[in-house]
Amino acid sequence: MKTQVEEINRNIYDIKNKDEYDFKIKKGITKEIIEEISDQKNDPEWMREFRLKALEVYNQLEMPTWGPDLSELNMDEIATYVRPKTKLNTSWEDVPEDIKNTFDKLGIPEAEKKSLAGVGAQYDSEVVYHSMKEDLIKQGVIYTDMETAIREYPELVKKHFMKCVPVTDHKFVALHGAVWSGGSFVYVPKGVKVEIPLQSYFRLNSPESGQFEHTLIIVEKGASLHFIEGCSAPKYNKVNLHAGCVELYVKDGAYLRYSTIENWSKNMLNLNTKKAIVGKNAQMDWVSGSFGSKISMLYPMSILNGEGAKTEYTGISFAGKGQNLDTGFKVVHNAPNTSSVVNSKSISKNGGKCTYRSLVRIKENAKNSKSSVSCESLMLDDFSISDTIPVNDIQTDEVEFSHEAKIGKISDKAIFYLMSRGLSEEDAKAMIVRGFAEPIAKELPVEYAVEMNNLINLELEGAIG
Amino acid sequence: MEKLKLNETPVRTSRNYNMNNIKLENIEIPAKIPSFNNVQITGNNSKVSIDSQTSKINLKYGLNKKLLEQLDLYANQKLKLTIDNKTNKETIINFKLDEKEPILLDNIEINANEQTNATVIIKYETTKNVKAFHNAVIRTNAKKDANINIILINLVNLSTDNFISIQNNFEENSRINYTIVDFGGKSSVTNYYSNLVGDNSDNQMNVVYLGRENQLFDLNYIGELRGKKTNFNMEVQGVLRDTAKKHFKGTIDFKKGCKRAKGNENEVCMLLSDTAKSLALPMLLCSEEDVEGNHSTATGKMGEKELFYIMSRGFEYKEAMKLMVRARFNEILDNIKNGEIKNEILQEIDSKLD
């Protein structure tokens, strides 16, 4: 008797539009290509120089010697910049029909009407739509694409751009620094509470290309924000690359919740970097669902720099056939009285591989800090793989640190118990898997929670015994 | 003086975390290996035969190629123990490094035949001020239904580099209880690997470590579960004071086919100073569905409530601290049935906490 959990229904996500573009840079990564991107984007001089320096770092750094095998990634086969056939629009009516249809099917305009304070939509390398509710504009909230931000708020951007995530962090951050395009810029002024979430959606349509959007969010003292990020792409036979970068500045007393649902197609290498610097008594919460991509290497990071700073990470990964999802969380406690809570779950099935990889570092100055890590992995068959690779680096004695992890299959005892209460075996297993994912699902925005429950749709076959 | 890179983890992670291996600088690896005779073998086990015909060293992991080659070629103590008795008897091997014989390269091979039962205690110590070098390999083969207790005690001084590679092979229904008391060494680096191939085989691994001054412990413990219904249980209790540092790398690896296997790993580190450092990488690797795997690690200082309680009963801080450390180690030290040796370890704990 085997529990069959269906793969994510990708019908919507796999809709391909014709590969039409206004401009597509030639494949590869050279100085000339970077200069061409800079010309096409009409970069200010500082950004052009920044890109070229990042390219130098990229050329110096090695590929990771750990984690999933990235040997199929050939940068000579990737076009790093694809400009769609439209400009930035503030009305959906002005977005070209085929692009608009894609976002319609993904439910973005509908969600904007119902439950969002602002929406950004990126198609390939450029943002094609951006809007925000009027009252937030009046309160001084800025929500725009990165290119506009560079033009209109140059000092603010220059002060923060790739300071939280320096290009020397790793090879794909350096690549990002050289070829980045698109993404969102959010600035929430001091004391402003943005009650309804903002959402950016990233769609990569063009085959053999990369998406390198840059998200920069600054939440000033005492302000709060919930930001949602969604990603998808149709499936092609050749490798696509996503190497985005998210930089979050959560100032003293501020609150930021960053929710992500990654549902990339299964030819995507998702090598994304996300980091937050958290100030005094501020809180940074991450909610992360990784469902798509062929390979993911994704480890959001909180640096708790201010006394009393807090962070929580709630994540779930679901790896099916041919997927290798190497995800987790990193936190550095760099001030007294800081705290972190990590709750991670993973489900592996049909030959998929889930790895939870993490770092908890409590530095010498982080007296009276607390950290609690819990990760659970569920194996749904005997040819999938699930690994847990956490590093815990404790540099002072005035701490409370605990880490626990579990791995296993659906408990026979739990199934027996539920069946003794009148449930069929199928229903019992379905209930257990949903229960396993429940602590994460309840943290997701409601439409994503529904989607996740749909995809954990149990189908049982075979006979008992 | 040499720079050594050793003790690679079975799976790599980001090198920024400094956990994939350990790099030691200024290690004096002796070029010439003089003889070593300061070993005493005692006990009541008449059915253990001992000779020096050890087999070629061929470890899956081990600390480092160079150290293993050195042992293969130049070991100055080779001991092959063949166990034949059915009732549990004890053999004690006591190595003492001193000014005359400060270099020990010991190659120990323990072969426990079918249905045998025995305890082997291996103890390493040094005279107080000698600057010694110790490199060891200890291999244990537990045949079908064998039941072996191995107690490894490291009490070398803080001027000595201590390197130990361990490999255990398990046949069907065999069981090894491995207890390690790791107190000594300027650098104490241990690589422990259990290969649980036989169905129903069982490895209970219990470790206590106590670090002080500038001591560095690099502990890389690996259990691979291959047979059906195999069981690997790792319990590690440690205390660090002063500027001591510990890297704990524990891996439970459920290999495909190890149906109904169980693996548990628990590491608890008590820090007695704000300059002691604890790094831990407790890994669970799983390629089999029908298993149960758990790991947990915890790090923190002594419980203030417990300390307060003991002190309110008239104990001074230092005595209270010793009591708490003893209490933490006690469950593991209870595996040592030899009262004399257990007492020696308890005294060692007290003296290290003074």
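Above this note sits the structure.
Residues numbered from 1 in each chain as written. Chains lettered and ligands numbered in written order. Predicted model: local features only at pLDDT ≥ 70, side-chain atom pairs only at ≥ 80, totals over all residues. Heavy atoms only, no water.

1. Considerations on the pattern of salt bridges
- Applying the stated rule across the entire model yields 45 salt bridges over all chains.
- Measuring nitrogen to oxygen at the nearest pair gives 3.0 Å for the salt bridge that ties Lys259(B) to Asp382(A). Of this pair, Lys259(B) sits in the loop between strand 17 (245-254) and strand 18 (261-271) while Asp382(A) sits in the loop between strand 24 (369-379) and strand 25 (385-394), each in a different chain.
- By relative accessible area, Lys259(B) is classed as partly exposed at 27%.
- As a salt-bridge pair, Arg175(B) and Asp202(B) come within 3.5 Å of each other at their nearest N and O atoms. Pair noted here: Arg175(B) is in strand 12 (residues 175-182) and Asp202(B) is in strand 14 (residues 202-211), with a separation of 27 residues, a long-range link.
- Residue Arg175(B) is classed as partly exposed on the basis of its relative accessible area, which comes to 31%.
- Accessibility expressed as a relative area gives 12% for Asp202(B), which makes it buried. (Salt bridge = Lys/Arg side-chain N within 4 Å of Asp/Glu carboxyl O. Helix = DSSP H or I, 4+ residues; strand = E, 2+ residues; numbered from the N terminus. Buried < 20%, exposed > 50% of the residue type's maximum accessible area, 1.4 Å probe, protein only.)

2. Comments concerning the pairing of strand 7 (residues 184-188) of chain A
Residues and elements named next belong to chain A.
- Summarising burial for strand 7: 5 of the 5 residues are buried, a large majority.
- Along strand 7, one buried face is formed by Ser184, Val186 and Val188 and the opposite face, lined by Phe185 and Tyr187, is buried too.
- Examined bridge by bridge, strand 6 (residues 142-145) and strand 7 share 4 bridges and lie antiparallel to one another. Within strand 7, the position partnered with Asp145 by the bridge is Ser184.
- Pairing geometry for strand 7 and strand 10 (residues 214-219), over 4 bridges, is parallel. Paired with Val188 across the bridge in strand 10 is Val219. (Pairing = 2+ DSSP bridges.)

3. Digging into the packing of aromatic side chains
Residue and element names in this part refer to chain A.
- Summed over the entire model, instances satisfying the criterion amount to 19 aromatic pairs over all chains.
- Note on Phe227 and Tyr258: the rings are 5.4 Å apart at their centroids and 25 degrees apart in plane angle, and the pair reads as stacked. Taken together, the positions of Phe227 in strand 11 (residues 224-232) and Tyr258 in strand 14 (residues 255-263) put the pair 31 residues apart, joining distant regions of the chain.
- Under the relative-accessibility criterion, Phe227 is labelled buried at 0%.
- Connected via pairs of aromatic rings, a cluster forms that spans Trp46, Phe50, Phe161 and Trp180.
- The lysine or arginine in question, Lys41, covers the ring of Trp180, its NZ or CZ lying 5.9 Å from the ring centre. (Phe/Tyr/Trp six-rings, centres within 6.5 Å; stacked < 30°, edge-to-face > 60°. Lys NZ or Arg CZ within 6 Å of the ring centre and 35° of its normal.)

4. Considering the side chain of Thr388(A)
- Along the polypeptide, Thr388(A) turns up in strand 25.
- Ignoring anything within four residues of it in the chain, the contact list for Thr388(A) reads Tyr356(A), Cys375(A), Ser377(A), Ala405(A), Pro282(B), Met283(B), Leu284(B) and His295(B). (Contact = heavy atoms within 4.5 Å.)

5. What about the interface of chain B and chain A?
- The partner chain A presents 43 residues to the 41 residues of chain B that form the contact.
- Of the roughly 3300 Å² buried at the junction of chain B and chain A (both faces included), carbon and sulfur atoms supply 49%.
- When the buried area of chain B at its contact with chain A is split by residue, Tyr17(B), Cys286(B) and Glu289(B) rank highest and sum to 20% of it.
- For the pair chain B and chain A, the number of links is 6 salt bridges. (Buried area = accessible area lost by both parts, 1.4 Å probe.)

6. A short note on the packing of helix 2 (residues 45-60) of chain A against helix 8 (residues 171-179) of chain A
Residue and element names in this part refer to chain A.
- Interhelical geometry of helix 2 versus helix 8 gives an angle of 155 degrees and a closest axis separation of 7 Å. Between helix 2 and helix 8, the angle falls in the class roughly antiparallel. Considering only the axes of helix 2 and helix 8, their crossing is left-handed. Only Lys171, Ala174, Leu175, Gly177, Ala178 and Val179 of helix 8 make contact with helix 2, whose side of the interface consists of Phe50, Arg51, Ala54, Leu55, Val57 and Tyr58.
- The residue makeup of the contact of helix 2 with helix 8, split by class, is 9 nonpolar, 1 polar and 2 charged. (Axes fitted to C-alpha atoms, helices over the stretch in contact; angles between N-to-C directions. Parallel < 35°, antiparallel > 145°, perpendicular 65-115°, else oblique. Left-handed = near helix turned anticlockwise from the far one by under 90°. Nonpolar A, V, L, I, M, F, W, Y, C, P; charged D, E, K, R; others polar.)

7. Considerations on a negative patch on the surface
- Taken together, the side chains of Glu114(B), Glu171(B), Glu172(B) and Asp199(B) present a region of like negative charge at the surface.
- With relative accessibility at 44%, the residue Glu114(B) sits in the partly exposed group. (Patch = residues over 30% accessible without salt bridge, like charges linked within 9 Å, V, L, I, M, F, W, Y side chains within 5 Å. Areas by Shrake-Rupley, 256 points an atom, 1.4 Å probe, with all protein chains shown as cover. Lys, Arg positive; Asp, Glu negative; His and termini not counted. Charge placed at Lys NZ, Arg CZ, Asp CG, Glu CD.)

8. Section: the state of the cysteines
- By the definition in use, this model includes 0 disulfides over all chains.
- The closest cysteine sulfur to the non-disulfide-bonded Cys245(A) is located on Cys164(A), 7.7 Å from its own sulfur.
- Looking at Cys286(B), it has no disulfide partner, and the nearest cysteine sulfur is the one in Cys258(B), 7.0 Å off. (Disulfide = S-S within 2.5 Å.)

9. Observations regarding helix 2 of chain A
Residues and elements named next belong to chain A.
- Here helix 2 is 16 residues long and its end C-alpha atoms lie 23 Å apart, about the 22 Å a rise of 1.5 Å per residue gives.
- Those residues of helix 2 that sit buried are Trp46, Met47, Arg48, Arg51, Leu52, Ala54, Leu55, Val57 and Tyr58.
- Taken together, the buried residues of helix 2 touch helix 1 (31-40), helix 6 (146-152), helix 7 (154-160) and helix 8. (Expected span 1.5 Å × (residues − 1).)

10. Quick word on a positive patch on the surface
- On the surface, Lys413(A), Lys229(B), Arg260(B) and Lys262(B) cluster together into a patch of positive charge.
- Structurally, Lys262(B) can be placed in strand 18.

11. Quick word on the side chain of His247(B)
- Within the element layout of this structure, His247(B) appears in strand 17.
- Residues within four places of His247(B) in sequence aside, it is in contact with Asn18(B), Met19(B), Ile22(B), Leu216(B), Phe217(B), Asp218(B), Leu219(B) and Leu279(B).

12. Some points on the environment of Gly244(A)
All names here are of chain A.
- Inspection of the secondary structure puts Gly244 in the loop between strand 12 (240-242) and strand 13 (245-250).
- Residues Gly244 and Leu271, spaced 27 residues apart in sequence, show a C-alpha to C-alpha distance of 7.4 Å.
- Setting aside its immediate chain neighbours within four residues, Gly244 contacts His176, Gln211, Phe212, Glu213, Leu271, Asn272 and Thr273.

13. Observations concerning the pairing of strand 6 (residues 89-97) of chain B
Residues and elements named next belong to chain B.
- Burial analysis of strand 6 places 7 of its 9 residues in the buried class, which makes it a mostly covered element.
- Bridge count for strand 3 (residues 39-43) against strand 6 is 5 bridges, and the pairing is antiparallel. Looking across to strand 6, one finds that Val39 is bridged to Phe95.
- By the bridge criterion, 9 bridges tie strand 6 to strand 8 (residues 117-126) in an arrangement that is parallel. Directly across from Phe95, in strand 8, lies its bridge partner Tyr124.

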